[in-house]
Amino acid sequence: MKKAILYINQFFGQIGGEDKADFAPVIREGKVGPAMEFAKNLQADITYTIICGDNFMGSNTDEAVKTILDGLEGKDFDLFLAGPAFQAGRYGVACGTICKAVKEKFNVPVLTSMNVENPGVEMFKSNMLIMEGANIASHMRKDVAAMVKVANKILSGEQVGPATEEGYFPTGRRKEVWLEDKTTAADRMINMLVAKLNGEPFVTELPIPKPDRVPIAPAIKDLKHAKIALVTTGGIVPVDNPDKIQSASATRWGRYDISHTMRLESGVYKTIHAGFDPAAANDDPNVITPVDALQELLKEGYYGSLHPYFYSTVGTGTTQAEAARMANEIVPYLKEDNVDGIIMVST
Amino acid sequence: MKLEIGNFYVKDITFGKELKFDNGVLTINKEEALAFIKEDERITEADLYIAKPGDKIRMCPVKEAVEPRVRLDGRGLFPGYEGELVRAGEGTLHAMKNCSVLVVGRHWGGFQDGVIDMSGEGQKYTYFGGLNNIVLVADTNEEFEKREQQKKNDALRHAAHRLAEFVGKCVKDLKPEDTESYELEPAIKRDPKTEKLPSVVFVMQPQTQMEDMGYNTLAYGWDMNHMLPTYMNPNEVLDGAIVSGSFMPVAAKWSTYDYQNCPAIKALYREHGKTINFLGIIMSNLNVALDQKERSAIYVAQIANSLGADGAVVAEEGYGNPDADYVGCIVALEDAGVKTVGLSDECTGRDGMSQPLVTLDEKCDALVSCGDVSDLLVLPAMETVLGELEALGRDGMAGGWAGDEILGPSVREDGSIIMENNSMFCGDQVLGWSTKTMKAF
């Protein structure tokens, strides 16, 4: 029989509630908590259950992931399951984090389940199959059953079907499908046309994602007295990258004091962005974060003042949801200092 | 304007003493047919084959497909292209169904040429895998484009159209098994019942993006790069007014056969007087410069409004750059108050993660998707190859490659192939045959 390993948090692992959220990861032999529910119909034996506190995974991610990956070394498994995480945000992010790491290290299929409102969905849906789950744990049986259905397909090597049919969040992949009922494009066109003309419901075959447009801010009227800030997705950081911003698919950002910096010197600053040739930026970081030009213009009195920090993250592969979250974390600092305008340098 | 098409269903094709159609069997005198083809001095080498569904045959590089037909009034099948320039879309013609004339390069292929398999997994990927095909394999003296990725294929395309006409003559005096009749009353003179139905135009965007002449789709022999959108009767399209061009990755191509049999037009006709009032066709084109794209969209929307169209269907031949014409045209129609449905294929990349059309707009809320040009196909070797399989990797065919670090060459030593759907001859069947769609995974 094939083997599976399940990841759950401290609550479902029967360690405790919020007060035990700092619980360090352990790998228990056999089935704990929801593993029993999985075991009913899963075409694999759950050989181990991993339990980790949500806060521990959130605050000590690297350590938690390393402990679990090290513990899995040498263990034989065909599938890695996590959750279901329902609407629990930290738990969802933890499931996504560990599934991604396990998939990358062991090249084993992974599967989790979250509610649409769980932030883990946006963060990880392009990396793995996340079943669309309920919002609260009373739906455990239903969510586990949905996971088991897809898990058994993966275990038997059967093709997992389209997102809407299987009930997972679309990963961003679109592929060709032969229609079983062989309805021709001409007939589909007529059906859609007649429905649209008569105001009846129809389903487009190519849904256009809603553009998340931000209205353009009004122009700064008095630049001479305006406070300007520098923000970049070009990955310019102090050479030791103190905030450990990732080189791609970033989830972290940093801010660095430039109140006494006339220009960003090569060797003191560099780029950690993995999406372009870094040679020019490492040679002169100002080409991406133009501190030199802004200090010069400040001296000339072209604008009022420069916000004392620049803010940096990496744009390549970073999801829109993550980018928006980081922006929402940065904005209060800018508002607190009454910044009037931001120069957003992308690459 | 009434067009009658008498159908003759071809069940088998064979070579014999004389050209004839008898009891579903088409017999062709090969020597006579080849002598006729070689009347064009540009043809240096030619042979004729038969390829039927189930045969272990692969064809490559396929350049054009045409349905054999004959006009009972003796007029040429493709006015302005082969034969006298007269109006198409009226009168009676006889057509040989389940049958097409294919032309395949003896050696040289290009971006616009494709692959057809008559059996195995690849058969379903083209409409022509399911037809009884008369296959002309030929070479020409068009030295100037022998090594060009973009080929006009002028001699071979003319040969295909001429051969279809040559073969079709054998059913001129016979009685068809059944007859289709297409008649669209003048747009402002329709019965009250039809007038009450929502009115619809079909907007066609044939491929016309080559600035150099000789590659683009033709309307009565006229290069459609040099025209602005105009109103046409659907019968003109069904009756040879439009001749397919020779420019674009071939999965998105509309062959002349596709125009002659256009399923979208037939479906609109079928619904005419029942669920819609089919006003006719706005024949548009595809362009290179943004102002050209916008100008065509303005014309289309204006004609739709002037005709009083409530709805429209827009079909795009191609993908990539012309997606801008396609989306732009749909948006222009929606902005003009015309409820619009789109017909196209997509390009989502080998991993399926790329944006499906190069430009998107929320106003495109009713799209029919016919396939993915970038879908990767691995197909077994066939006993017989008509043409030259090496062309797939060697000649810059859209879905093939000479070598790849991971995938290896498109054409393998054992005769099996790996390619993108991009090189399937008219594979995405956007004019309406496609039983493929795209889904989110």
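None of the values given here were measured: they were computed from a predicted structure.

Here is what the cut-offs are and how they apply
- Residues numbered from 1 in each chain as written.
- Chains lettered and ligands numbered in written order.
- Predicted model: local features only at pLDDT ≥ 70, side-chain atom pairs only at ≥ 80, totals over all residues.
- Heavy atoms only, no water.
- Contact = heavy atoms within 4.5 Å.
- Buried area = accessible area lost by both parts, 1.4 Å probe.
- Salt bridge = Lys/Arg side-chain N within 4 Å of Asp/Glu carboxyl O.
- Polar contact = N/O pair within 3.5 Å; in protein donor to acceptor, adjacent residues only side chain to side chain.
- Helix = DSSP H or I, 4+ residues; strand = E, 2+ residues; numbered from the N terminus.
- Axes fitted to C-alpha atoms, helices over the stretch in contact; angles between N-to-C directions.
- Parallel < 35°, antiparallel > 145°, perpendicular 65-115°, else oblique.
- Left-handed = near helix turned anticlockwise from the far one by under 90°.
- Buried < 20%, exposed > 50% of the residue type's maximum accessible area, 1.4 Å probe, protein only.
- Expected span 1.5 Å × (residues − 1).
- Nonpolar A, V, L, I, M, F, W, Y, C, P; charged D, E, K, R; others polar.
- Domains from an automatic or database assignment.

1. Examining the interface of chain B and chain A
Phase 1 of the analysis: In this complex, chain B contributes 55 residues to the contact, which on the side of chain A involves 40 residues.
Phase 2 of the analysis: For the pair chain B and chain A, the summed buried area comes to about 4,200 Å², and 63% of that belongs to carbon and sulfur atoms.
Phase 3 of the analysis: It is B:Thr435, B:Lys439 and B:Phe441 that lose the most area in chain B upon contact with chain A, and together they represent 21% of the buried surface on that side.
Phase 4 of the analysis: At the boundary of chain B with chain A, the tally comes to eight salt bridges.
Phase 5 of the analysis: Note that B:Asp372 is salt-bridged to A:Lys175, the shortest N-O span being 3.7 Å.
Phase 6 of the analysis: Counting across the interface, chain B meets chain A through 27 residue pairs in polar contact (both at pLDDT 80 or more).
Phase 7 of the analysis: Sorting the residues of the side of chain B that touches chain A by element identifies α6 (263-271), β19 (311-316), β20 (339-346), β21 (367-372) and β25 (436-440) of chain B as the ones contributing at least two each.

2. So, the packing of helix α3 (residues 61-72) of chain A against helix α4 (residues 89-106) of chain A
Residue and element names in this part refer to chain A.
Phase 1 of the analysis: Following both chains from N to C, one finds α3 and α4 inclined at 45°, their axes separated by 10 Å at the closest point. By the angle between their axes, α3 is oblique relative to α4. Seen along the crossing, α3 lies across α4 with a hand that is right-handed. Between α3 and α4, the residues in contact are Thr61, Val65, Ile68, Leu69 and Leu72 and Thr97, Ile98, Ala101, Val102, Lys105 and Phe106, respectively.

3. Brief notes about the pattern of salt bridges
Residues and elements named next belong to chain A.
Phase 1 of the analysis: Enumeration according to the criterion identifies 52 salt bridges over all chains in this entry.
Phase 2 of the analysis: Residue Asp70 is joined to Lys66 by a salt bridge in which the shortest nitrogen-to-oxygen separation is 2.7 Å. Linking Asp70 with Lys66, this pair stays in helix α3, spanning four residues, or about one helical turn.
Phase 3 of the analysis: Residue Lys66 is classed as exposed on the basis of its relative accessible area of 53%.

4. Digging into helix α6 (residues 140-156) of chain A
Note: α-helices contain 3.6 residues per turn, so residues at a spacing of three or four share the same orientation.
Phase 1 of the analysis: Here α6(A) is 17 residues long and its end C-alpha atoms lie 24 Å apart, about the 24 Å a rise of 1.5 Å per residue gives.
Phase 2 of the analysis: All of the buried residues along α6(A) are A:Met140, A:Asp143, A:Val144, A:Met147, A:Val148, A:Val150, A:Ala151, A:Asn152, A:Lys153 and A:Leu155.

5. Quick word on the packing of helix α1 (residues 30-37) of chain B against helix α2 (residues 154-168) of chain B
All names here are of chain B.
Phase 1 of the analysis: As a packed pair, α1 and α2 sit with axes 10 Å apart at the nearest point and diverge in direction by 140°. One element, α1, and the other, α2, form an angle in the oblique class. When the axes of α1 and α2 are compared, the crossing they make is right-handed. Mapping the contact onto sequence places Glu32, Ala33, Phe36 and Ile37 in α1 and Ala159, Arg162, Leu163 and Phe166 in α2.
Phase 2 of the analysis: Considered class by class, the residues forming the contact of α1 with α2 number six nonpolar, no polar and two charged.

6. Considerations on the domain arrangement of chain A
Note on interface size: it is often stated as the accessible area lost on association of the parts.
Phase 1 of the analysis: Along its sequence, chain A is organised into domain 1 (2-166) and domain 2 (223-345).
Phase 2 of the analysis: Distance from the C-alpha centre of domain 1 of chain A to the C-alpha centre of domain 2 of chain A: 37 Å.

7. Some thoughts on the environment of B:Leu34
Residue and element names in this part refer to chain B.
Phase 1 of the analysis: By the secondary structure assignment, Leu34 is in helix α1.
Phase 2 of the analysis: A relative accessible area of 11% places Leu34 in the buried class.
Phase 3 of the analysis: Each C-alpha atom, one on Leu34 and one on Asp47, is 6.8 Å from the other, the two residues being 13 residues apart in sequence.
Phase 4 of the analysis: Sequence-distant contacts of Leu34, that is, excluding residues within four places in its chain, are made with Ala46, Asp47, Leu48 and Leu136.

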